[in-house]
Amino acid sequence: MRREFTLIELLVVIAIIAVLASMLLPALTKAQIAARRVKCVGNQKQLALALMTYVDDYNGFFPPLKVVSGGDPLYRYKRELITGGYLRSGGRTITNDIQTDTICQCPENLTMVDYYMRTQGYTQTNAINAAQKFGTYSTNTQYAHHDPSNYFGPLFITALKFPAKCAMTADGIGGAHHLQGINIMAFDHGGICNATFFDGHAESLRRSDVPVGLSKNLVFFTGR
Ligand SMILES: [Zn+2]
């Protein structure tokens, strides 16, 4: 006689599958977080390469923060890199601005849209627009406005005495913010913030790896 599954046996099998799936899910989530962290490092390495290529082409000078009066300095500076062919344009943003290269956007990107909505009162659309326009990586502009009264004066690379210790780009709470303190850095990758340094190397940093105190005066942020 053919034996059929009873309802109880079926339920037991379903319960076992559910337990196995619940054991697997955290591992999958961890793998996804790790994959996005690696993609982010790749993005920032490309951004660092674009900046260093510019420096090479311009005999050791970093791009100036502003090339014309008015407008947001970081937006202008990324436009300058796009215009010069060092970054691609990512097309148009959600509200039809020029979108920066998609490599400027962290795939985790948990903080930035939330940041603009929470602290700047942006609508969700405008917050997404800002992320697309500025990118989500904060850039260390110590090199560009070492003279705070002069956004236009670019920095000669040899002014940085310790390029390997000075962060150049990092996951940021808002891509329009200058990287000048730990409060600007976003630790969205499971407590990790990816960064590149002025010698071109990349690091995944925990909060405890970043010097604090009068942080904007430290070698980590000034290179001097
Ligand atoms: Zn990231």
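For the structure itself, consult the block above.
Criteria and cut-off values
- Residues numbered from 1 in each chain as written.
- Predicted model: local features only at pLDDT ≥ 70, side-chain atom pairs only at ≥ 80, totals over all residues.
- Helix = DSSP H or I, 4+ residues; strand = E, 2+ residues; numbered from the N terminus.
- Pairing = 2+ DSSP bridges.
- Axes fitted to C-alpha atoms, helices over the stretch in contact; angles between N-to-C directions.
- Parallel < 35°, antiparallel > 145°, perpendicular 65-115°, else oblique.
- Left-handed = near helix turned anticlockwise from the far one by under 90°.
- Contact = placed C-beta atoms within 7 Å.
- Nonpolar A, V, L, I, M, F, W, Y, C, P; charged D, E, K, R; others polar.
- Buried ≥ 20, exposed ≤ 12 C-beta atoms within 10 Å, placed from the backbone.

(A) Spatial organisation of unusual backbone geometry. Not every positive phi belongs to a glycine, and Asn59 is a case in point at roughly 50 degrees. Of note, Asn59 is situated in the loop between α1 (7-57) and α2 (73-83). With a phi close to 75 degrees, Asn96 is a non-glycine residue in the positive phi region. Relative to the assigned elements, Asn96 resides in the loop between α2 and α3 (111-119).

(B) Local environment of the pairing of strand β4 (residues 202-206). In terms of strand pairing, strand β3 (residues 192-197) meets β4 through 5 bridges, oriented antiparallel. The partner of Cys193 across the bridge, within β4, is Leu205.

(C) Main features of the packing of α3 against helix α4 (residues 124-134). Packing of α3 against α4 leaves a shortest axis separation of 8 Å and a crossing angle of 130 degrees. Our classification of the angle between α3 and α4 gives oblique. The two elements α3 and α4 meet at a crossing, and its hand is right-handed. The segment α3 lies against α4, with Met112, Val113, Tyr116 and Met117 engaging Gln124, Ala127, Ile128, Ala130 and Ala131. Looking at side-chain class alone, the contact of α3 with α4 contains 8 nonpolar, 1 polar and no charged residues.

(D) Structural detail: the sheet that holds strand β1 (residues 137-139). Spatial strand order, β1-β2-β3-β4: 4 strands in an open sheet with antiparallel pairing. Here the strands that pair on one side only, and so sit at the sheet edges, are β1 and β4. Geometrically, the sheet is characterised by an average inter-axis angle of 30 degrees between neighbouring strands, direction not taken into account. On top of the sheet, α1 reaches β1, β2 (167-171), β3 and β4; it is set at about 20 degrees to β3, its chief contact.

(E) Quick look at the environment of Met52. Here Met52 is to be found in helix α1. The class for Met52 is partly exposed, based on 18 C-beta atoms found within 10 Å. Put simply, Met52 and Tyr86 are 34 residues apart on the chain and 9.7 Å apart in space, counted from C-alpha to C-alpha.

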